[in-house]
Each structure stands twice: as structure tokens, then as C-alpha cells.
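# Observations on the model geometry
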Amino acid sequence: MNSKEFEDRLLGVGFPKKDVYGSLSIPVYHALAYEFETAEEMENAFCGITQKHTYSRVTNPTVQYFEERVKAVTNAFGVTALNSGMAAISNAFFTLAWSGSNIIASRYLFGNTYSFFVNTLTSFGVEIRFCDLTNPEEVSSNIDENTCALFVEVITNPQMEVSDLKVLSRVAHDKNVPLVADTTIVSFSAFNAADLGVDIDLISSTKYISGGGTSLGGLIIDYGNFNWEHSYKLKQYTSLSQSAFHFKLRKEIHRNLGAYMTPEVAYMQSLGLETLNIRYERVSKNCLELAKLLQNLSGVVSVNYTGLLNNPFYEVSKKQFGEFPGAMLTFDLESKERCYGFMRKLNLIKRATNLFDNISLIIHPASTIYGTYTLEQKALMGIKETTLRLSVGLESVDALYNDIKEALL
Ligand SMILES: *Cc1c(COP(=O)(O)O)cnc(C)c1O
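Below, the structure is looked at part by part. Note that residues are indexed from 1 along each chain, following the sequence as it is written. Confidence filtering applies because this is a predicted model: local features only for residues at pLDDT of at least 70, side-chain atom pairs given and counted only at 80 or more, and all residues used for totals across whole chains, interfaces and linings. Side-chain metrics rest on all non-hydrogen atoms present in the structure, leaving aside hydrogens and water.

### Quick notes on the sheet that holds strand β2 (residues 102-105)
So the rule is basically this: The rule for pairing is simple: two strands pair if DSSP sees at least two bridges between them. Secondary structure elements are defined from DSSP: runs of H or I of at least 4 residues count as helices, runs of E of at least 2 residues count as strands, and each element is numbered from the N terminus. To define axes, lines are fitted to C-alpha atoms, for helices over the stretch in contact only, and angles between the resulting N-to-C directions are given on a 0 to 180 degree scale. Contacts are assigned to residue pairs with any non-hydrogen atoms lying within 4.5 Å of each other.
Strand order in this open sheet of 7 strands is β1-β7-β6-β5-β4-β2-β3, and the pairing throughout is mixed. Edge positions in the sheet fall to β1 (78-82) and β3 (127-130), since each has one partner strand and no second. Within the sheet, the average angular offset between the axes of one strand and its neighbour, ignoring direction, is 20 degrees. Across 5 bridges, β1 lies against strand β7 (residues 218-222) in antiparallel orientation. From the neighbouring strand, Ala 81 faces β7, where its bridge partner is Leu 219. Helix α5 (residues 111-120) contacts β2, β3 and β4 (147-153) of the sheet and is inclined by roughly 125 degrees relative to β3.

Given below as C-alpha cells:
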């Protein structure tokens, strides 16, 4: 997808109804409930005969417009917007999993996804089978008739591992299992997950899409390619919709869990989408340039960014995501004390969690995101005391480099 196509498709999405004032942007519909002329109309809307808004936990015009825009740029079958990335992940797995089923995943997971899998889902009888996703034989041998999904994060955070998605999708599809990916780290303006075999795409829109740390949000993107006849749980819905997953999610799970995106957030994130492509290009380019400079800076022990030629995942990263694999890098200093001293001295780069704000952000993952995990768990998850994670913003590379250089002295 070239950049022109992205903006053209996005900006071409019209409003479903002409606004009475001719508003150029979608109004924020704070409406909670929607009025009907007759009882018959109400029945039809509530029973799904007509597609009308009834209640804003289920659908809302502003949120739906945001979903339509995402659909237009991803060519998806169905898009559901939720109020955080974790809501997207939990809604998706409550749709896919059943008691007695298992999920195949790497131990290199976003902290709350790890906790959701290991603490929340296991208490409902779902087994998590951890394996090395860069080893197709190991993945394949872990899949059985109760596997509900193969789950992968496209660039793991903060280990920066990249699996070959085409290989993983082949392994999954050979065994009739869907490939579910968290693609938060690489914007969908830069790569096409469906082309690489991803069936269900989960995104924290809090990150790039929000437009710069404006709001929490999450997306479930269903590309409509998986045959749900193969799912023990979802096959019963295949006669009702082209995607049994989307059907179950929209008719049951998302209504029952009640984590739909709010209209204010949908408005902000619709605006965020308009500049997504240009912001992503700028911050990723900044990140690559900075990664190269940091490699030669004294005091920096190592730099981890998959856009660097000497990175072990360079080839697979380039094949899948192109020249600019996102705006997150990590680097190691000699010790934890050195990391803390360095962080204290930074001026331009802010000490904060979150990723892909317009402002550059730094965090020491081992003591924060993974602060309550045991040393043994951290070792298994590849979390080191010497690693710092940097999310690169829109500032100039010169200014960022100088801030880092000064803080290392
Ligand atoms: C931030 C993040 C999430 C969770 O998103 P929230 O919007 O904070 O709930 C999930 N996966 C990845 C890779 C993330 O970076």
C-alpha cells in the first residue's frame, strides 16, 4: 500500500447521513439511546433485521465512523473499536477461547497480555502453551485439536524478537488454527498484516493512532479470511455470517463485557488516523537514525532495533515491515545504577511509560512494567536490568542525540 492510497482511502470515507449543519468533521454523538418512530421499527433494530443504533454500549455513530475509516484502510471484513488495547485483547480471546482450549504464544509478551493469559484466562480453564515462535517445528508440535489460536506480537517489546508471520500462518493454517497478531508496534499504514497471513489483528490505538498520547483505545480487525468451520466454539455461527468470529464478538462478547470505545475518543482517534502515515514515517525515520548514532556512542553497550543491519532480525523485519520497523528501540548501559543516573539527567526525553507519543519517552522496563515479577520470571521473559526502552517522538534527531550524549557524561 503506498502512502497516497492510505490518505485517499481514509479521507474518502463519507458520513452515513448528511449532517444538518454540513459539518466537515463527524459530530461527537454523546447520545446514549436512540429514538424510534414505532414499536415495529424498534423490534427490527433490536433483533438485527435493520442496522440502526439502539444503545451506545453496542454501537455509536461517531465510533462507527472511526471503525469504517479503519476498515477502508485495512480492507478488513469487520472492525471493532474498544476502549483500550487490553479491551481488544480480552474481547478477542473471550470470543476465541473456551474452557479446555489452549493458546500458543511466546513468553515475550506485553506485560498485561502475559498477566491476562497466565492469571485471568487460566482461571477459566484455558491453557497457555509457551513456545519459541521463531521455531516452526516447536510451534507445530504444540498445536492440537483444542488450540483456539496461535498468538504473536509482531515485534516483541522490549526484547525486539520478530517471527516470520508467513511461516507462522502456514503452520497455524495447516492445523486449521487462526493466527492472531498484536501489531501495535508497526502501523498498518506501513504493512499489510492480512497479506502475511494474519487472521485477527489486535492493536492498541492508544499508541500511534491516538495522534500523540491523546486517549486510550483498541481495535480488533477481522480480515475475514479464516474458515471458522474449523473452530470447535465458533463453527455453530458460520451459517449466520461470513465471519463467525465477528458475529460472536459483536452479538455477544463485546455487549456483555461493555468496553466499547467512547465517542470523544473515536473523534480524537479519527483525527489521529488522518496524520498516522506521516507521523509514523517521521518517528520511524528518527528512530533508525538515532539507533545508528547510539551504536557509536561511548557508554552504550548495545542497541537493539530491527532496522539495524547487524540486528539478528533485520532480514525478516525488512521483508515484513519495510525500511522503518517502528519508533521503539532499546539500548543497554553497563548497570542498573548507570541506567538510573542516565535517566535522571535527561531533559528533552521524558521519563514515562506509553509508546509513540509525539514526545520521546524513556522507561527502565525491569523496574517498572516488570517490577513486580520475580527475577526468575524476568529471566524467562528476557527482561534485563541493564535495558532502557526509548519511544522516539517527533523532535529532531540532533536534539535527541544531544540529550542522550549529555546524560551519558
Ligand atoms: C500498549 C500495548 C498494549 C495495551 O494497550 P492499552 O491501550 O494500554 O490497553 C498491548 N500490546 C502492546 C504491544 C502494547 O504496546
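Back to the text.
### Here we look at the pattern of salt bridges
Definition in use: Any carboxyl oxygen of Asp or Glu within 4 Å of a side-chain nitrogen of Lys or Arg constitutes a salt bridge here.
Summed over the entire model, instances satisfying the criterion amount to 12 salt bridges. What you see here is one network of salt bridges that share partners, running through Glu 127, Arg 129 and Asp 144.

### Considerations on the pairing of strand β6 (residues 200-204)
Stated formally: Burial classes: relative accessible area under 20% of the type maximum marks a residue as buried, over 50% as exposed, and values in between as partly exposed (1.4 Å probe, protein chains only).
Among the 5 residues of β6, 5 are classified as buried, and the element is accordingly described as predominantly covered. Here β6 shows no split at all, with Ile 200, Leu 202 and Ser 204 on one side and Asp 201 and Ile 203 on the other all buried. Summarising the sheet, β6 and β7 pair through 5 bridges and their orientation is antiparallel. The residue of β7 that forms the bridge with Ile 203 is Leu 219.

### What about the packing of aromatic side chains?
Selection criterion: Here is the rule: rings of Phe, Tyr and Trp (six-membered ring for Trp) pair when centre to centre is within 6.5 Å. Planes less than 30 degrees apart are stacked, more than 60 are edge-to-face, and the remainder are tilted.
Enumeration over the complete set of coordinates arrives at 19 aromatic pairs. Here the aromatic rings of Trp 98 and Tyr 232 are separated by 5.0 Å at their centres, their planes lie at 50 degrees, and the arrangement is tilted. Highlighted residues: Trp 98 in the loop between α4 (85-96) and β2 and Tyr 232 in the loop between β7 and α8 (244-257), separated in sequence by 134 residues. For Trp 98, a relative accessible area of 13% gives the class buried. Classification of Tyr 232 as exposed rests on a relative accessible area of 56%. Here the aromatic rings of Tyr 208 and Phe 356 are separated by 3.7 Å at their centres, their planes lie at 10 degrees, and the arrangement is stacked. Here Tyr 208, found in the loop between β6 and β7, pairs with Phe 356, found in the loop between β10 (350-351) and β11 (361-363); they are 148 residues apart in sequence, far enough to count as distant. In this structure, Tyr 208 and Phe 356 share a single accessibility class: buried.

### Some remarks on the environment of Asn 296
Tracing the sequence through the fold places Asn 296 in the loop between α10 (276-295) and β8 (302-304). Considered as a pair, Asn 296 and Ala 379 are 83 residues apart in the sequence and their alpha carbons are 28 Å apart.

### With respect to the packing of α4 against α8
Note the cut-off: For classification, angles of less than 35 degrees are called roughly parallel, those exceeding 145 degrees roughly antiparallel, those between 65 and 115 degrees roughly perpendicular, and all remaining angles oblique. When the near helix sits turned anticlockwise from the far one by under a right angle, the crossing is termed left-handed; a clockwise turn instead gives a right-handed crossing.
Viewed as axis vectors pointing N to C, α4 and α8 meet at an angle of 120 degrees, and their least axial separation amounts to 9 Å. Between α4 and α8, the crossing angle belongs to the class labelled oblique. Crossing geometry of α4 relative to α8 is assigned as right-handed. Where α4 approaches α8, its residues Asn 91, Ala 92, Phe 94, Thr 95 and Leu 96 are matched on the opposing element by Phe 245, Lys 248, Leu 249, Ile 253, His 254 and Leu 257.

### So, the sheet that holds strand β12 (residues 387-391)
Taken together, the 5 strands give an open sheet; going across it, the order is β8-β9-β12-β11-β10, and neighbouring strands pair in mixed fashion. Edge positions in the sheet fall to β8 and β10, since each has one partner strand and no second. This element, α10, spans β8, β9 (328-332) and β12 of the sheet and lies at about 10 degrees to β9.

### Some remarks on the packing of helix α3 (residues 61-74) against helix α9 (residues 263-274)
For the pair α3 and α9, the least separation of the axes is 8 Å and the interaxial angle reads 25 degrees. Considering their axes alone, α3 and α9 lie roughly parallel with respect to each other. As α3 packs across α9, the resulting crossing turns out to be left-handed. The segment α3 lies against α9, with Thr 62, Val 63, Tyr 65, Phe 66, Arg 69 and Val 70 engaging Pro 263, Ala 266, Tyr 267, Gln 269, Ser 270, Leu 273 and Glu 274.

### Thoughts on the site of the ligand
Rules: By convention in this text, a residue qualifies as near a molecule or strand provided that one of its non-hydrogen atoms is within 4 Å of it. For this analysis, a polar contact is any N or O atom pair within 3.5 Å, provided that within protein one partner can donate a hydrogen and the other can accept it, and provided that sequence-adjacent residues contribute only side-chain to side-chain pairs. For the accessible areas, the method is Shrake-Rupley and the probe is 1.4 Å, while residue cover comes only from the protein chains on display.
Not every one of the 13 residues close to the ligand is listed here, only the nearest: Gly 85, Asp 182, Ser 204, Thr 206 and Lys 207. With respect to the ligand, the side chain of Asp 182 contributes an N or O atom lying 2.7 Å from a nitrogen atom. Between Ser 204 and the ligand, the recorded distance is 2.8 Å, taken from a side-chain N or O atom to an oxygen atom. Isolated, the ligand exposes 380 Å² of accessible area, and the fraction of that covered by the protein chains is 91%. Top element by residues in the shell around the ligand is α4. It accounts for 3 residues.

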